[in-house]
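Okay, here's what each chain looks like letter by letter:
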Amino acid sequence: MPPQPQPSQHSPYAYAQPTMPSIPLGGGGYGPMGMPPGAPATGSGSGGGGKGWLWGLGGAVVASAVWAGVLFATGGFEDGTKADLAGYRYRTNLCTPTDTQPFEDAGYQQKDESGSSTTSTSNPQHSSSENAALDSMTCNIDFEPSGSSSSDYSSVWLYTTASLHKKTNPGPEFEAQYRSYEDQKTSSYSYDVSPVSGLGDEAYVVKQHNSSSSNTGAYVILAVRDGWMTYQSTWSQYVSSSSSGSAKTPEEATELLKKSAKTTLEKMKE
């Protein structure tokens, strides 16, 4: 199991967890609501509004990305089947090949955490784990709109994971994992899942739709399978009501994720 980002006031884990997709677990040792060990199960706090459900869900799906590794790593083949890694290589730092240019072109910059006295984490953050059955890589980048003032609270988390499945073919279960989001509906949000062409052997985009009329958040997942390599990039954005800017629409966020994924996947083969 790869190391997990530690909770902080800047982390999606710091917020409450809504209902998660019904994805079967593989004994990963997660607690109530699918939270990783040690993550706080706190409420969204005062003034959270859209922030609670948006960032909370972001934290939960970060956990689900790890569940996928556990789920796909179980089992194995005894007939000599060789893993089809499609030319992808293990990276100790997934942030190195991650293409951030589309987000920069869209008016975002990586948030500078170096001068903060309230956090000990760096930006971006990465982790990796190499194993005979499964190689796992993560990259977490915190963006903010270029030129935003200190009075604004507007931030984007881009969380990317990649896994090289060496013992088990993830293909038969890949679509089902993301289709399960379609069954997760509440009075305030729902999801739709659509196939995406031009990326890997198969790819899907999961878009969250919030019933709120205000454009204060966006949540989108792009998932790609290429051979026995799986990739997931998640966009989670929150814009406070006092901010001068607005959140990207799910469609706009999808296009940014697709552009980034195309270049990132190419670089992962170098």
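The structure displayed is predicted, hence computed values, not measured ones.

Caption draft 1: Here's a closer look at the overall build of the protein chain. Helices and strands together make up the secondary structure of the protein chain, namely four helices and eight strands. Taking the intrachain contacts of the protein chain between residues at least 6 apart in sequence as the baseline, contacts between residues at least 24 apart amount to 71%. Of the roughly 11700 Å² of accessible surface on the protein chain, a fraction of 47% belongs to carbon and sulfur atoms.

Caption draft 2: Quick look at the pairing of strand 6 (residues 202-210). Strand 6 sits mainly inside the fold: seven of its nine residues count as buried. Direction of pairing for strand 5 (residues 189-195) relative to strand 6: antiparallel, over a ladder of seven bridges. Across the sheet, residue Ser194 finds its bridge partner in strand 6, namely Val205. Here six bridges tie strand 6 to strand 7 (residues 217-226), and the two strands are oriented antiparallel to one another.

Caption draft 3: Here's a closer look at the packing of aromatic side chains. Evaluated as defined, the whole model comprises seven aromatic pairs. Arranged with centres 5.8 Å apart and planes meeting at 75°, the rings of Tyr189 and Tyr191 form a pair that is edge-to-face. Accessibility classification places Tyr189 together with Tyr191 in one group, the buried group. Clustering of aromatic rings is evident, with ring pairs tying together Phe103, Tyr108, Phe143 and Trp235.

Caption draft 4: Region of the structure containing the state of the cysteines. Throughout the structure, instances matching the rule amount to one disulfide. A disulfide bridge connects Cys95 with Cys139, and the sulfur atoms are separated by 2.1 Å. Residues Cys95 and Cys139 share a disulfide whose torsion about the S-S bond is about 110°; that sign makes it right-handed. Here Cys139 lies in strand 3 (residues 134-145) and Cys95 lies in the loop between helix 1 (50-73) and helix 2 (101-105), a separation of 44 residues in the sequence. Taking relative accessible area as the criterion, Cys95 reaches 13% and is therefore assigned buried. Judged by relative accessible area, Cys139 falls into the buried class, the value being 1%.

Caption draft 5: Examining the pattern of salt bridges more closely. This model, assessed by the stated rule, comprises eight salt bridges. Arg179 is paired through a salt bridge with Glu182; the nearest N and O atoms lie 3.1 Å apart. When its relative accessible area of 25% is taken as the criterion, Arg179 is described as partly exposed. Where Arg225 meets Glu202, a salt bridge forms, and the shortest distance between an N and an O atom there is 2.7 Å. Pair noted here: Arg225 is in strand 7 and Glu202 is in strand 6, with a separation of 23 residues, a long-range link. Via salt bridges that share partners, Glu175, Arg179 and Glu182 belong to a single interconnected network.

Caption draft 6: Representation of unusual backbone geometry. In this chain, Asn123 is followed by Pro124 through a cis amide linkage whose omega measures 5°. Residue placement: Pro124 occurs in the loop between strand 1 (108-110) and strand 2 (125-129).

Caption draft 7: Broad picture of the nonpolar core. In terms of nonpolar packing, the biggest core is built from 31 residues, with Leu199, Trp235, Leu265 and Met268 touching the most fellow members. Breaking this core down by element, the ones donating at least two residues are strand 3, strand 4 (154-165), strand 6, strand 7, strand 8 (229-239) and helix 4 (250-267). Ranked by size, the runner-up nonpolar core spans eleven residues in total, among them Tyr191, Tyr204, Ile221 and Ala223.

Caption draft 8: Region of the structure containing the environment of Thr161. Mapped onto the elements of the fold, Thr161 is located in strand 4. Residue class for Thr161 comes out buried when judged on its relative accessible area of 10%. Distance from Thr161 to Thr234, taken between C-alpha atoms, is 8.8 Å for residues 73 residues apart in sequence.

Caption draft 9: How the structure looks around the environment of Ala223. Considering the arrangement of structural elements, one finds Ala223 in strand 7. With 34 residues separating them in the primary sequence, Ala223 and Leu257 have C-alpha atoms 9.8 Å apart. Setting aside its immediate chain neighbours within four residues, Ala223 contacts Phe174, Tyr178, Glu202, Ala203, Tyr204, Tyr231 and Gln232.

Thresholds, definitions, all that
- Residues numbered from 1 in each chain as written.
- Predicted model: local features only at pLDDT ≥ 70, side-chain atom pairs only at ≥ 80, totals over all residues.
- Heavy atoms only, no water.
- Helix = DSSP H or I, 4+ residues; strand = E, 2+ residues; numbered from the N terminus.
- Contact = heavy atoms within 4.5 Å.
- Areas by Shrake-Rupley, 256 points an atom, 1.4 Å probe, with all protein chains shown as cover.
- Buried < 20%, exposed > 50% of the residue type's maximum accessible area, 1.4 Å probe, protein only.
- Pairing = 2+ DSSP bridges.
- Phe/Tyr/Trp six-rings, centres within 6.5 Å; stacked < 30°, edge-to-face > 60°.
- Disulfide = S-S within 2.5 Å.
- Salt bridge = Lys/Arg side-chain N within 4 Å of Asp/Glu carboxyl O.
- Core = buried A, V, L, I, M, F, W, Y, C linked by side-chain atoms within 4.5 Å.

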